[in-house]
Every structure is written in C-alpha cells, then in structure tokens.
Amino acid sequence: MKKVLYRSQISTLFSIFLVGSLLLSNNLIAQDQAAAEAAVTETDASLGGDPVKGKQLFNQNCAACHALDRKMTGPALANVETRLAEEEGLDKEWLYSWIKNSAGMISSGDAYANKIYAEYNQAAMTAFPTLSNEDIDNILAYTAAPPPAPVQAVATTAQVPGGAAPSSGITNEVILGALVLVFGLLVMMLILVNSTLRRIAEANGVVVEKAKAEKRMPIWKAFVKNQFLVLCSVIFLLLASAYYAYGWMMQIGVDQGYQPIQPIHYSHKIHAGDNKIECKYCHSSSRVSKHSGIPSLNVCMNCHKSIYEYKGNPEGPSAEDLANGYTNEFYTAEIKKLYKAVGWNEEEQRYTGESKPVEWVRIHNLPDLAYFNHSQHVSVAGIECQTCHGPVEEMEIMYQYAPLTMGWCINCHRETEVNLQDNEYYEKIHKALSEKYGVEKLTAAQLGGLECGKCHY
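Counting restarts for each chain: residues are numbered from 1 in the order of the written sequence. In keeping with the predicted nature of the model, local features appear solely for residues at pLDDT of at least 70, side-chain atom pairs appear and are counted solely at 80 or more, and the whole-chain, interface and lining totals rest on all residues. Hydrogens and waters are ignored; side-chain quantities use all the structure's heavy atoms.

Go over the state of the cysteines, please, and point to the residues and values.
The term disulfide is used for any two cysteine sulfur atoms that are within 2.5 Å. Across all of its chains, the model carries 0 disulfides by this definition. Free cysteine: Cys300, not disulfide-bonded; nearest cysteine sulfur from Cys282 at 6.6 Å. No disulfide involves Cys412; its sulfur sits 6.3 Å from that of Cys388, the nearest cysteine.

So, the packing of aromatic side chains: which residues are in play, and what are the values?
Centres within 6.5 Å are what make two rings of Phe, Tyr or Trp a pair, Trp counting through its six-membered ring; a difference in plane orientation under 30 degrees is then read as stacked, over 60 as edge-to-face, and the rest as tilted. Throughout the structure, instances matching the rule amount to 9 aromatic pairs. Note on Phe58 and Tyr142: the rings are 5.3 Å apart at their centroids and 55° apart in plane angle, and the pair reads as tilted. With Phe58 in helix 2 (residues 51-61) and Tyr142 in helix 7 (residues 133-144), the pair connects residues that are 84 residues apart, well separated along the chain. You'll find Phe58 and Tyr142 in the same group, each marked buried. Centre to centre, the rings of Tyr326 and Phe330 are 5.5 Å apart; their planes meet at 50°, and the pair counts as tilted. Three exposure classes are used, based on accessible area relative to the maximum for each residue type with a 1.4 Å probe and protein chains only: buried under 20%, partly exposed in between, and exposed over 50%. Under the relative-accessibility criterion, Phe330 is labelled partly exposed at 24%. A network of ring pairs unites the aromatic residues Tyr310, Tyr326, Phe330 and Tyr331 as a single cluster. Here a strand is any run of E in DSSP of at least two residues, a helix any run of H or I of at least four, and the numbering for each starts at the N terminus.

Which residues make up the pattern of salt bridges, and what values do they have?
A pair is scored as a salt bridge if a Lys or Arg side-chain nitrogen falls within 4 Å of a carboxyl oxygen belonging to Asp or Glu. Under the counting rule described, the total for this entry stands at 8 salt bridges. Residues Glu88 and Lys115 are paired through a salt bridge, measuring 3.9 Å at the closest nitrogen-oxygen approach. Taken together, the positions of Glu88 in helix 3 (residues 80-88) and Lys115 in helix 6 (residues 111-119) put the pair 27 residues apart, joining distant regions of the chain. Glu278 is paired through a salt bridge with Lys280; the nearest N and O atoms lie 3.5 Å apart. Looking at Lys280, the relative accessible area reads 17%, which means it is buried.

Account for the confidence of the model for the chain, with residues named and values stated.
Known as pLDDT, the predictor's confidence for each residue is given on a scale from 0 to 100. On average, residues of the chain carry a pLDDT of 82, and 82% of them reach 70 or more. Pairs of residues are marked as contacts when any of their non-hydrogen atoms sit within 4.5 Å. For the stretch residues 1-10, pLDDT sits under 50, and the model shows 10 contacts to residues farther than four places along the chain or on other chains.

Go over the packing of helix 14 (residues 297-304) against helix 16 (residues 328-342), please, and point to the residues and values.
One way to put it is that helix 14 packs onto helix 16 with a least axis distance of 11 Å and a crossing angle of 125°. Taken together, helix 14 and helix 16 sit at an angle that is classed as oblique. Judged by the twist between their axes, the crossing of helix 14 over helix 16 is left-handed. Contacts between helix 14 and helix 16 involve Leu297, Cys300, Met301 and His304 from the first element and Ile335, Leu338, Tyr339, Ala341 and Val342 from the second. Amino acids outside the nonpolar list (Ala, Val, Leu, Ile, Met, Phe, Trp, Tyr, Cys, Pro) and the charged list (Asp, Glu, Lys, Arg) are all regarded as polar, and Gly is one of them. Across the contact of helix 14 with helix 16, the residue classes tally to 8 nonpolar, 1 polar and no charged. Between N-to-C directions, angles cover 0 to 180 degrees, with each direction set by a line fitted to C-alpha atoms, over the stretch in contact for helices. Oblique is the label for any angle not under 35 degrees, not over 145, and not in the 65 to 115 range, which are roughly parallel, roughly antiparallel and roughly perpendicular in turn. Left-handed describes a crossing whose near helix is turned anticlockwise from the far helix through less than a right angle; right-handed describes the clockwise counterpart.

Tell me what's going on with helix 20 (residues 427-437), and back it up with residues and numbers.
The complete set of buried residues in helix 20 reads His430, Leu433 and Ser434. For helix 20, the arc enclosing every buried residue in end-on projection is 105°, short of the 170-degree limit, so these residues lie on one face. Within helix 20, the exposed residues directed more than 90 degrees away from the buried face are Lys428, Lys431, Glu435 and Lys436. Here the buried face of helix 20 lies against helix 21 (445-449). It is the directions from the helix axis to the C-beta atoms whose arc is reported.

Before we move on, could you go through the environment of His265 and cite the residues and values that matter?
Along the chain, the position of His265 falls in the loop between helix 11 (227-250) and helix 12 (268-274). Each C-alpha atom, one on His265 and one on Glu334, is 6.2 Å from the other, the two residues being 69 residues apart in sequence. Dropping the residues within four chain positions of it, His265 is found in contact with Tyr326, Phe330, Tyr331, Glu334, Glu396 and Ile397. Residues adjacent in sequence count toward polar contacts only when both atoms are side-chain atoms; beyond that, a polar contact is any pair of N or O atoms within 3.5 Å, and within protein one must be able to donate a hydrogen and the other to accept it. Side chain to side chain, His265 and Glu396 meet in a polar contact 2.8 Å long.

With reference to specific residues and values, describe unusual backbone geometry.
Backbone geometry at Lys276 places phi at a positive 55°, although glycine is not the residue there. Take Lys276: it is sitting in the loop between helix 12 and helix 13 (279-282). For Lys276, a relative accessible area of 68% gives the class exposed.

Break down the side chain of Asn138 for me, citing the residues and quoting the values.
The topology assignment puts Asn138 in helix 7. Excluding residues that lie within four positions of it along the chain, Asn138 makes contacts with Gly49, Asp50, Pro51, Lys53, Gly54 and Leu57.

Set out below in structure tokens:
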C-alpha cells in the first residue's frame with residue numbers, strides 16, 4: 001500500500017488566518033467608532049449649545065417659516081448669529097429679545113427689526129416667550145452647525161468610480177477578502193481530499209467501473225402503444241385548456257394590480273403613512289360627490305410652499321428605497337416638477353402665472369354601465385378608504401388593490417352590516433326591515449344592495 005501524505009498543515013494555516021482576520025476587523029471597527037464619537041464631541045463643544053436639541057426645537061418652532069439655506073416666509077437662518085454680529089453689530093442679547101417678543105422690538109423703533117419687518121412684506125413673526133435662553137442657544141448652535149452629509153452618499157460612494165471610500169470601507173474590504181480567501185482554501189482542500197482518495201484507491205487496486213444500463217424501450221413508445229393512457233391524456237388536456245381559457249376570458253377588463261408611472265412621483269407612503277395626512281384632505285370631493293376627484297395642485301402647494309425639499313426620516317432611507325432610487329434628492333426633484341407645473345418662483349416666493357396641467361394617469365376606472373357613488377359609501381355608510389383601495393399608507397406607487405368586479409361588490413354587500421352609530425339616515429328603514437327579517441342588524445344586501453337598479457341605471 002502506498003503512503004499517503006498528511007495534510008493537517010493546511011487546516012492549521014487556515015485557522016490562524018481566520019482568527020487574525022477577525023481580530024483585525026474588530027480593531028478597525030473600534031477605531032472608526034472612536035473617531036466618529038470624538039468628532040461629534042468636538043463639534044458640539046465648539047458651537048456653544050446642543051445642535052441635536054436645537055434641531056428638534058427648530059423643527060417644532062421655526063421650520064414652518066424659516067429654512068437654513070434659503071428665504072421662505074422669513075430669512076434664511078444658517079449662521080444667523082455670526083452674520084448679525086459681523087454685518088449689523090448685533091449681539092446674542094438682541095436675538096433673545098427678537099425671538100421672545102418681535103412685535104415689541106418693532107414698536108420700540110429698533111432699526112434692524114423694522115428693516116426685517118418691511119423687507120418680508122410686514123409678515124409678523126410669532127413670539128416665543130416660553131423659549132429660554134438655553135433653548136435659543138441650542139437653536140443657534142443648530143443653525144451654525146455644518147450641514148450633515150447625505151445619508152445615501154454612504155451607500156452609493158462605493159459604486160462611483162474614483163469616489164472616496166466610506167469610513168467603514170477598509171473594514172468591509174478586509175472581511176470580504178478574508179471570505180474569498182477562506183472559500184479558496186476550502187476549494188483547494190476539497191481538491192486535495194479528492195486527489196488523496198484517488199491515490200488510496202489506486203494503492204489498494206480498487207477500480208471503479210460504471211454499471212452498464214440495460215437497454216429498455218423508450219417511455220414515449222410505451223405510452224403511445226397504450227391507447228387508454230392516450231385517451232385519458234387527451235381528455236385531461238382538453239378540460240385543462242377549457243379551464244384556463246375560461247379563467248383568461250374572465251380576467252378581461254379586470255385591472256387588479258395596475259400600477260402606472262405618473263408624471264410626478266407621488267408617494268402615498270410618505271404622505272398618508274409617514275405624515276398621517278388623511279385621504280379626504282386631498283380627495284375632499286369623496287365626501288359629497290360621486291367621484292373622489294383628483295386634487296388640484298393648489299392643495300399640494302398648501303404644504304409645499306414651505307416644504308421645498310425632502311429631508312427623509314431621521315434614520316435615513318432604507319436599503320430598499322436606495323435600491324429603487326428613492327433618495328432625498330429624488331423626492332426633492334419631484335417637488336421641483338410641482339413648482340414648474342404651478343408656476344411657483346422659489347427665490348421670489350410668488351406665482352409667475354406660467355402654469356401647465358399635469359397629465360395624471362387614471363388607475364381605478366369602472367365601466368360606464370356601473371354606478372358607484374363615493375359619498376354614499378364614505379359619508380353615509382362610513383366605509384374606510386382602505387376597504388376598497390387597500391393599505392394606501394404603505395404604497396410608494398399607487399396601484400389598484402381590489403379587482404372591482406361585480407362579484408367582489410356583491411360579496412361586500414352581503415357581508416357588510418349597516419352602520420347605525422350616529423347615523424340617522426337608515427334609522428327608520430332599518431327598524432322596519434329588521435323586524436321583517438327577524439334580525440338585529442341588516443346587511444347592505446338586505447337593505448336592497450343586490451337590486452340591479454342600484455348599480456345599473
């Protein structure tokens with residue numbers, strides 16, 4: 001028998017390299033975290049306040065009229081303390097007085113207070129007497145803090161040729177290199193094990209031979225010769241074809257899942273989900289009309305006069321959003337499309353009069369032979385929008401959730417009970433029909449919801 005070489009040295013080297021790679025990765029991660037914490041501490045100390053608390057106070061009290069880097073209802077506030085000191089010679093005490101009682105300073109004849117009041121169309125600034133000097137210091141620290149780096153830049157820098165590597169890029173490269181090397185070592189070990197087993201077999205005189213398969217009749221020839229199986233198969237195929245043909249024809253005109261791309265990307269997930277905007281705020285005609293209506297762009301501008309850019313959630317965009325291209329810059333660009341459509345001049349904060357219609361693509365569309373009244377369902381019956389339109393608060397792009405077929409509507413009428421709470425519309429007829437049918441609560445079907453003339457007129 002031939003002697004087979006012992007190969008445990010490879011396993012030992014592999015173990016040593018793996019342990020070393022893990023130790024190096026942990027060390028680099030710890031260094032990155034320590035550097036980040038030191039940078040945050042140094043920044044906070046240099047600003048004379050807490051920018052984190054200041055950001056929260058700014059969003060609660062100032063963001064409706066002010067932005068950091070552009071004019072809105074009021075002036076831009078980036079580095080406002082430094083600018084006032086250098087350009088107007090005003091100290092922090094002046095800012096304390098202005099923020100707490102701007103009207104008092106204007107009436108007292110303060111020169112710069114009256115200058116600002118006249119420059120911004122005599123728009124009175126809300127007084128904030130409840131803000132302490134410490135609160136104002138925190139707000140000023142936030143306005144003086146350098147703007148944070150975009151969140152999506154960390155995820156996309158590695159994809160841009162020649163771009164700077166993110167702070168944790170070295171660690172990720174080391175881990176990736178270690179995994180590639182481990183995979184290579186495993187492949188090498190498998191090749192060596194296979195070679196060793198072959199040598200052992202050859203040393204022992206073992207010869208592996210493939211068993212010769214018996215020649216048999218092909219299965220398709222055996223199937224063709226069996227007439228009973230052929231007949232059953234033909235019948236099965238005919239029935240299956242008829243079934244699928246019927247199912248296909250029944251889907252004609254059913255657009256469930258229809259999800260067109262709109263000329264302006266409107267995220268129901270952000271508006272109805274994150275910001276909790278009620279559906280009927282935009283689709284107000286659903287309360288009183290047959291149609292829910294398409295909101296006019298003036299409704300959008302009620303908020304977007306002040307919301308000129310999308311800053312996203314505090315935790316930043318998710319990995320799924322980044323994969324789909326839904327970055328803060330993407331949403332901000334869609335807001336610019338809205339401004340162009342309504343003719344809004346951002347710099348001068350006024351309408352130019354040069355507007356153009358937005359060609360929205362309709363999603364839900366019933367045939368002309370069917371009658372559906374939104375106000376009857378929304379205002380009288382109290383049906384929630386999600387009953388028919390699905391979880392719109394979770395939809396990034398709106399799509400048709402329900403099939404909206406006749407059978408789907410009839411089934412809903414058979415199962416949905418009439419809501420009588422604070423609803424006098426059905427009180428009299430409900431009492432009479434419940435006694436007739438011997439039930440406590442009527443369904444929409446028992447109330448006449450299955451009559452042909454209700455929906456087909």
